[in-house]
Amino acid sequence: LPATLEASRPREGDAKTIHVRIWADAGVRAQPKWREEIIDQADYASQLLAPLLGVRIAIDKISDWNRTGEPSAAATALAEQDKGKDATWVIGYIAPNDVSTKVMSELGNAEPLGKYIIVRGYAEQPETKVLTQTLPDLKGPERSEIVSAHRRHKQTVVLLHMIAAALGAIEEQDPTWIQNPTYKSKQVGFSDRNRELLQIAIDEKLADQNDQTIAKKLLEAIEKSEFGGWTPASKDEVTKRLRIAIDA
(Lines give C-alpha, C1' and ligand atoms only; values in the text may rest on other atoms or scores of the structure.)
Protein backbone atom coordinates (compact mmCIF):
# COMPACT_ATOMS: atom_id res chain seq x y z
CA LEU A 1 0.00 0.00 0.00
CA PRO A 2 1.12 3.60 -0.54
CA ALA A 3 2.05 5.81 2.41
CA THR A 4 -0.67 7.64 4.33
CA LEU A 5 -0.58 11.42 3.98
CA GLU A 6 -0.04 13.01 7.38
CA ALA A 7 1.23 16.18 9.02
CA SER A 8 3.92 16.08 11.64
CA ARG A 9 3.12 18.38 14.58
CA PRO A 10 -0.53 18.98 13.57
CA ARG A 11 -1.85 22.42 14.42
CA GLU A 12 -4.89 23.01 16.59
CA GLY A 13 -8.10 24.86 15.82
CA ASP A 14 -10.78 24.73 13.15
CA ALA A 15 -9.73 24.73 9.51
CA LYS A 16 -10.66 27.65 7.27
CA THR A 17 -12.20 27.04 3.86
CA ILE A 18 -10.48 27.69 0.55
CA HIS A 19 -12.74 27.71 -2.49
CA VAL A 20 -11.87 26.09 -5.81
CA ARG A 21 -13.65 25.46 -9.08
CA ILE A 22 -12.97 22.37 -11.16
CA TRP A 23 -13.04 22.03 -14.93
CA ALA A 24 -12.75 18.56 -16.47
CA ASP A 25 -12.05 17.96 -20.15
CA ALA A 26 -13.48 15.16 -22.28
CA GLY A 27 -10.54 12.83 -21.67
CA VAL A 28 -11.15 12.96 -17.92
CA ARG A 29 -14.92 12.71 -18.21
CA ALA A 30 -14.53 9.51 -20.23
CA GLN A 31 -13.21 7.74 -17.13
CA PRO A 32 -15.61 5.86 -14.82
CA LYS A 33 -16.61 7.73 -11.65
CA TRP A 34 -14.35 10.63 -12.56
CA ARG A 35 -16.42 13.17 -10.61
CA GLU A 36 -16.53 11.08 -7.44
CA GLU A 37 -12.78 10.46 -7.61
CA ILE A 38 -11.93 14.15 -7.98
CA ILE A 39 -14.11 14.96 -4.97
CA ASP A 40 -12.48 12.14 -2.99
CA GLN A 41 -8.97 13.32 -3.91
CA ALA A 42 -9.77 16.88 -2.82
CA ASP A 43 -11.10 15.51 0.46
CA TYR A 44 -7.96 13.41 0.97
CA ALA A 45 -5.82 16.48 0.25
CA SER A 46 -7.81 18.37 2.89
CA GLN A 47 -7.05 15.64 5.41
CA LEU A 48 -3.42 16.73 5.12
CA LEU A 49 -3.95 20.46 4.63
CA ALA A 50 -6.24 20.89 7.66
CA PRO A 51 -3.70 19.78 10.30
CA LEU A 52 -0.77 21.09 8.24
CA LEU A 53 -1.95 24.61 7.36
CA GLY A 54 -5.39 25.00 8.90
CA VAL A 55 -7.28 25.02 5.60
CA ARG A 56 -9.74 22.73 3.88
CA ILE A 57 -10.68 22.57 0.19
CA ALA A 58 -14.28 23.26 -0.80
CA ILE A 59 -15.21 22.51 -4.41
CA ASP A 60 -17.78 25.13 -5.37
CA LYS A 61 -18.49 23.72 -8.82
CA ILE A 62 -17.38 21.01 -11.24
CA SER A 63 -17.92 21.87 -14.90
CA ASP A 64 -17.45 20.23 -18.28
CA TRP A 65 -14.52 21.75 -20.15
CA ASN A 66 -14.54 21.55 -23.93
CA ARG A 67 -10.79 21.99 -24.16
CA THR A 68 -8.78 21.40 -27.30
CA GLY A 69 -5.09 21.84 -28.03
CA GLU A 70 -1.83 20.74 -26.46
CA PRO A 71 -1.51 20.07 -22.71
CA SER A 72 1.13 22.81 -22.51
CA ALA A 73 -1.54 25.36 -23.46
CA ALA A 74 -4.10 24.10 -20.94
CA ALA A 75 -3.43 26.75 -18.28
CA THR A 76 -3.89 29.55 -20.81
CA ALA A 77 -7.10 27.97 -22.04
CA LEU A 78 -8.34 27.61 -18.47
CA ALA A 79 -7.71 31.29 -17.77
CA GLU A 80 -9.80 32.15 -20.82
CA GLN A 81 -12.55 29.79 -19.68
CA ASP A 82 -12.76 31.01 -16.07
CA LYS A 83 -11.71 34.46 -14.84
CA GLY A 84 -11.17 33.06 -11.34
CA LYS A 85 -13.44 35.46 -9.44
CA ASP A 86 -14.24 34.39 -5.86
CA ALA A 87 -12.00 31.32 -6.09
CA THR A 88 -8.62 30.69 -4.50
CA TRP A 89 -7.76 28.46 -7.45
CA VAL A 90 -9.32 27.23 -10.65
CA ILE A 91 -8.20 23.66 -11.28
CA GLY A 92 -8.32 22.06 -14.71
CA TYR A 93 -8.22 18.28 -15.04
CA ILE A 94 -7.01 17.22 -18.47
CA ALA A 95 -6.73 13.90 -20.32
CA PRO A 96 -4.09 11.50 -18.99
CA ASN A 97 -0.77 10.68 -20.58
CA ASP A 98 -0.53 7.68 -22.89
CA VAL A 99 2.21 6.18 -20.72
CA SER A 100 2.95 5.81 -17.03
CA THR A 101 5.14 8.61 -15.69
CA LYS A 102 6.36 9.81 -12.30
CA VAL A 103 7.71 13.16 -13.46
CA MET A 104 5.67 15.84 -11.73
CA SER A 105 6.11 18.35 -14.55
CA GLU A 106 4.37 15.84 -16.84
CA LEU A 107 1.56 15.22 -14.34
CA GLY A 108 0.46 18.81 -13.85
CA ASN A 109 1.38 22.45 -13.84
CA ALA A 110 1.18 25.50 -11.57
CA GLU A 111 3.04 28.79 -11.34
CA PRO A 112 4.15 30.56 -8.12
CA LEU A 113 1.28 32.77 -6.90
CA GLY A 114 -0.79 31.58 -9.85
CA LYS A 115 -4.55 31.11 -9.77
CA TYR A 116 -4.68 28.29 -12.34
CA ILE A 117 -3.65 24.71 -11.67
CA ILE A 118 -3.52 21.84 -14.16
CA VAL A 119 -3.71 18.16 -13.13
CA ARG A 120 -3.39 15.29 -15.60
CA GLY A 121 -5.94 12.51 -15.29
CA TYR A 122 -4.87 9.05 -14.19
CA ALA A 123 -3.51 6.86 -17.01
CA GLU A 124 -5.47 3.78 -15.96
CA GLN A 125 -4.08 1.05 -18.19
CA PRO A 126 -0.36 1.95 -18.30
CA GLU A 127 -0.27 2.81 -14.58
CA THR A 128 -2.04 -0.41 -13.62
CA LYS A 129 0.26 -2.45 -15.85
CA VAL A 130 3.38 -1.01 -14.21
CA LEU A 131 1.96 -1.39 -10.71
CA THR A 132 0.70 -4.95 -11.07
CA GLN A 133 4.14 -6.08 -12.22
CA THR A 134 5.18 -5.57 -8.59
CA LEU A 135 2.14 -7.45 -7.23
CA PRO A 136 2.39 -10.90 -8.84
CA ASP A 137 0.81 -12.84 -5.97
CA LEU A 138 -2.28 -10.68 -5.41
CA LYS A 139 -5.59 -11.68 -6.93
CA GLY A 140 -9.15 -10.40 -7.20
CA PRO A 141 -10.46 -7.92 -4.61
CA GLU A 142 -7.13 -7.58 -2.82
CA ARG A 143 -5.32 -6.52 -5.99
CA SER A 144 -8.15 -4.16 -6.92
CA GLU A 145 -8.04 -2.53 -3.49
CA ILE A 146 -4.30 -1.88 -3.68
CA VAL A 147 -4.48 -0.56 -7.25
CA SER A 148 -7.24 1.85 -6.17
CA ALA A 149 -5.21 3.00 -3.16
CA HIS A 150 -2.21 3.77 -5.37
CA ARG A 151 -4.39 5.70 -7.79
CA ARG A 152 -5.88 7.77 -4.98
CA HIS A 153 -2.49 8.48 -3.45
CA LYS A 154 -0.85 9.47 -6.72
CA GLN A 155 -3.60 11.79 -7.91
CA THR A 156 -3.87 13.43 -4.49
CA VAL A 157 -0.11 13.93 -4.23
CA VAL A 158 -0.03 15.49 -7.71
CA LEU A 159 -2.86 17.85 -6.68
CA LEU A 160 -1.01 18.78 -3.47
CA HIS A 161 2.27 19.26 -5.35
CA MET A 162 0.60 21.71 -7.74
CA ILE A 163 -1.23 23.58 -4.96
CA ALA A 164 2.06 23.94 -3.10
CA ALA A 165 3.78 25.19 -6.26
CA ALA A 166 1.05 27.82 -6.67
CA LEU A 167 1.73 28.93 -3.09
CA GLY A 168 5.44 29.38 -3.78
CA ALA A 169 6.87 26.10 -2.49
CA ILE A 170 10.28 25.04 -3.78
CA GLU A 171 11.07 21.55 -5.08
CA GLU A 172 12.75 19.31 -2.51
CA GLN A 173 15.45 16.69 -2.76
CA ASP A 174 14.11 14.13 -0.28
CA PRO A 175 12.07 11.57 -2.29
CA THR A 176 9.56 11.16 0.57
CA TRP A 177 8.52 14.81 0.40
CA ILE A 178 5.61 15.76 -1.84
CA GLN A 179 7.50 18.63 -3.44
CA ASN A 180 10.12 16.28 -4.88
CA PRO A 181 10.07 16.57 -8.69
CA THR A 182 9.43 12.81 -8.99
CA TYR A 183 6.36 11.07 -7.62
CA LYS A 184 6.85 8.26 -5.10
CA SER A 185 4.21 6.14 -3.41
CA LYS A 186 5.97 6.77 -0.07
CA GLN A 187 5.51 10.54 -0.12
CA VAL A 188 3.70 11.74 3.00
CA GLY A 189 4.15 15.51 3.49
CA PHE A 190 6.40 18.56 3.18
CA SER A 191 9.64 19.72 4.77
CA ASP A 192 9.40 22.24 7.61
CA ARG A 193 10.83 25.00 5.42
CA ASN A 194 8.27 24.45 2.68
CA ARG A 195 5.55 24.17 5.30
CA GLU A 196 6.58 27.62 6.49
CA LEU A 197 6.28 29.03 2.97
CA LEU A 198 2.90 27.39 2.46
CA GLN A 199 1.59 28.79 5.74
CA ILE A 200 2.72 32.32 4.90
CA ALA A 201 1.18 32.24 1.44
CA ILE A 202 -2.17 30.71 2.40
CA ASP A 203 -2.60 33.03 5.41
CA GLU A 204 -1.94 36.06 3.23
CA LYS A 205 -4.32 34.80 0.55
CA LEU A 206 -7.07 34.30 3.11
CA ALA A 207 -6.41 37.85 4.31
CA ASP A 208 -6.92 39.09 0.71
CA GLN A 209 -3.37 40.39 0.40
CA ASN A 210 -2.09 41.12 -3.10
CA ASP A 211 0.61 39.12 -4.87
CA GLN A 212 3.26 41.76 -4.24
CA THR A 213 2.79 41.55 -0.47
CA ILE A 214 2.79 37.75 -0.52
CA ALA A 215 5.90 37.66 -2.73
CA LYS A 216 7.81 39.97 -0.35
CA LYS A 217 7.03 37.81 2.68
CA LEU A 218 7.89 34.60 0.85
CA LEU A 219 11.19 36.00 -0.38
CA GLU A 220 12.11 37.11 3.14
CA ALA A 221 11.35 33.64 4.49
CA ILE A 222 13.39 31.95 1.76
CA GLU A 223 16.42 34.19 2.15
CA LYS A 224 16.53 34.33 5.95
CA SER A 225 18.66 31.18 6.11
CA GLU A 226 20.07 28.47 3.86
CA PHE A 227 18.28 25.14 3.46
CA GLY A 228 20.02 22.24 1.76
CA GLY A 229 16.81 20.31 1.16
CA TRP A 230 15.67 22.48 -1.72
CA THR A 231 16.84 21.83 -5.28
CA PRO A 232 19.01 24.81 -6.34
CA ALA A 233 17.42 25.22 -9.79
CA SER A 234 13.91 25.33 -8.34
CA LYS A 235 14.93 27.80 -5.64
CA ASP A 236 16.45 30.09 -8.27
CA GLU A 237 13.32 29.87 -10.43
CA VAL A 238 10.88 30.53 -7.58
CA THR A 239 12.85 33.48 -6.20
CA LYS A 240 13.08 34.90 -9.72
CA ARG A 241 9.29 34.69 -10.10
CA LEU A 242 8.76 36.30 -6.71
CA ARG A 243 11.05 39.22 -7.57
CA ILE A 244 9.15 39.70 -10.84
CA ALA A 245 5.89 39.86 -8.85
CA ILE A 246 7.40 42.44 -6.48
CA ASP A 247 8.70 44.59 -9.32
CA ALA A 248 5.39 44.41 -11.14
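Scroll up to find the structure.
In this text the structure is predicted, and so the values were computed from the model without any measurement.

Q: How would you summarise the overall build of the chain if you had to cite specific residues and measurements?
A: Tallying secondary structure elements over the chain gives 9 helices and 5 strands in all. The C-alpha radius of gyration computed for the chain amounts to 18 Å, which stays within 12% of the reference 18 Å derived for 248 residues, consistent with globular compactness. Overall, the chain is about 55 × 40 × 35 Å in size when its C-alpha atoms are taken along their principal axes. Looking at the chain residue by residue over its 248 residues, the buried ones come to 50%. Within the chain, counting contacts between residues at least 6 apart in sequence, those at least 24 apart form 75% of the total.

Q: Residues and numbers for helix α8 (residues 211-223), please.
A: An α-helix turns once every 3.6 residues. As a result, residues three or four positions apart point the same way. In this model α8 runs 18 Å from its N-terminal to its C-terminal C-alpha over 13 residues, within 8% of the 18 Å that 1.5 Å per residue would give. For α8, the complete set of buried residues consists of I214, A215, L218, L219, A221 and I222. Angularly, the buried residues of α8 cover 160 degrees about the axis, an arc narrow enough to put them on a single face. Where α8 is buried, its residues touch α7 (192-206) and α9 (232-247).

Q: Talk me through the environment of K154; I want residue IDs and the actual numbers.
A: One can find K154 in helix α6 (residues 140-166). Linking K154 and Q187, residues 33 residues apart in sequence, is a C-alpha distance of 9.2 Å. Not counting the four nearest positions on each side in its chain, K154 is found in contact with T101, L107, Y122, E127 and Y183. A distance of 2.6 Å separates a polar side-chain atom of K154 from the backbone oxygen of T101.

Q: Before we move on, could you go through the packing of α7 against α8 and cite the residues and values that matter?
A: Closest axis-to-axis distance for the α7/α8 pair is 10 Å, and the angle between their directions is 160 degrees. In this view, α7 runs roughly antiparallel relative to α8, as classed from their interaxial angle. The two elements α7 and α8 meet at a crossing, and its hand is right-handed. Residue-level contacts link R193, E196, L197, I200, A201, E204 and K205 of α7 to T213, I214, K217, L218, A221 and I222 of α8.

Q: Requested: an account of empty space enclosed by the protein, with residues and values cited.
A: Applying the stated criterion across every chain yields a total of 2 cavities of 30 Å³ or more. If you add up the space inside the largest cavity, you get close to 90 Å³. Lining the largest cavity are V28, Q31, W34, E37, I38, Q41, Y93, G121, Y122, R151 and Q155. Where the lining of the largest cavity is concerned, the elements lending two or more residues are α2 (34-53) and α6. Among the elements that take part in the lining of the largest cavity, α2 stands out by supplying 4 residues, more than any other. Considering only residue class, the lining of the largest cavity consists of 5 nonpolar, 4 polar and 2 charged. The computed volume of the second largest cavity comes to approximately 50 Å³. P96, N97, V99, T101, L107, R120, G121, Y122, A123, E127, K154 and Q155 are the residues that line the second largest cavity.

Q: How would you summarise the side chain of H153 if you had to cite specific residues and measurements?
A: Topologically, H153 is positioned in helix α6. Ignoring sequence-local partners within four residues, the contact set of H153 consists of P2, A3, L5, Y183, K184, S185 and Q187.

Q: I'd like a description of the nonpolar core, backed by residues and values.
A: If you look at the biggest cluster of nonpolar residues, it comprises 57 residues, and the most contacted ones within it are W89, I91 and I117. Those residues in contact with I91 that sit more than four places away from it in its chain are V20, R21, I22, W23, L78, I117, V119 and L159.

Q: Residues and numbers for the packing of helix α5 (residues 124-132) against α6, please.
A: Any two packed helices are characterised by the angle at which their axes cross and by the distance between the axes. Taken N-terminus to C-terminus, the directions of α5 and α6 make an angle of 120 degrees; their axes are 11 Å apart at the nearest point. If you check the angle between α5 and α6, you find them oblique. At the point where α5 passes α6, the crossing takes the right-handed sense. Between α5 and α6, the contacting residues are E124, E127, T128, L131 and T132 on the first element and R143, I146, V147, H150, R151 and K154 on the second.

Q: Before we move on, can you summarise the environment of V20 with the specific residues and values?
A: Mapped onto the elements of the fold, V20 is located in strand β1 (residues 16-25). The exposure class assigned to V20 is buried, which follows from its relative accessible area of 1%. Put simply, V20 and Y116 are 96 residues apart on the chain and 10.0 Å apart in space, counted from C-alpha to C-alpha. V20 has contacts with I57, A58, I59, D60, K61, W89 and I91, leaving out every residue within four places of it along the chain.

Rules of the game
- Residues numbered from 1 in each chain as written.
- Predicted model: local features only at pLDDT ≥ 70, side-chain atom pairs only at ≥ 80, totals over all residues.
- Heavy atoms only, no water.
- Helix = DSSP H or I, 4+ residues; strand = E, 2+ residues; numbered from the N terminus.
- Rg over C-alpha atoms; globule rule 2.2 N^0.38 Å.
- Buried < 20%, exposed > 50% of the residue type's maximum accessible area, 1.4 Å probe, protein only.
- Contact = heavy atoms within 4.5 Å.
- Expected span 1.5 Å × (residues − 1).
- Arc of directions from axis to C-beta.
- Polar contact = N/O pair within 3.5 Å; in protein donor to acceptor, adjacent residues only side chain to side chain.
- Axes fitted to C-alpha atoms, helices over the stretch in contact; angles between N-to-C directions.
- Parallel < 35°, antiparallel > 145°, perpendicular 65-115°, else oblique.
- Left-handed = near helix turned anticlockwise from the far one by under 90°.
- 1 Å grid on protein atoms, 1.4 Å probe; cavity = no way out; pocket = protein on both sides within 12 Å on 5 of 7 lines; lining within 4 Å.
- Points joined across faces, edges and corners; volume = space filled by probe spheres on them.
- Nonpolar A, V, L, I, M, F, W, Y, C, P; charged D, E, K, R; others polar.
- Core = buried A, V, L, I, M, F, W, Y, C linked by side-chain atoms within 4.5 Å.

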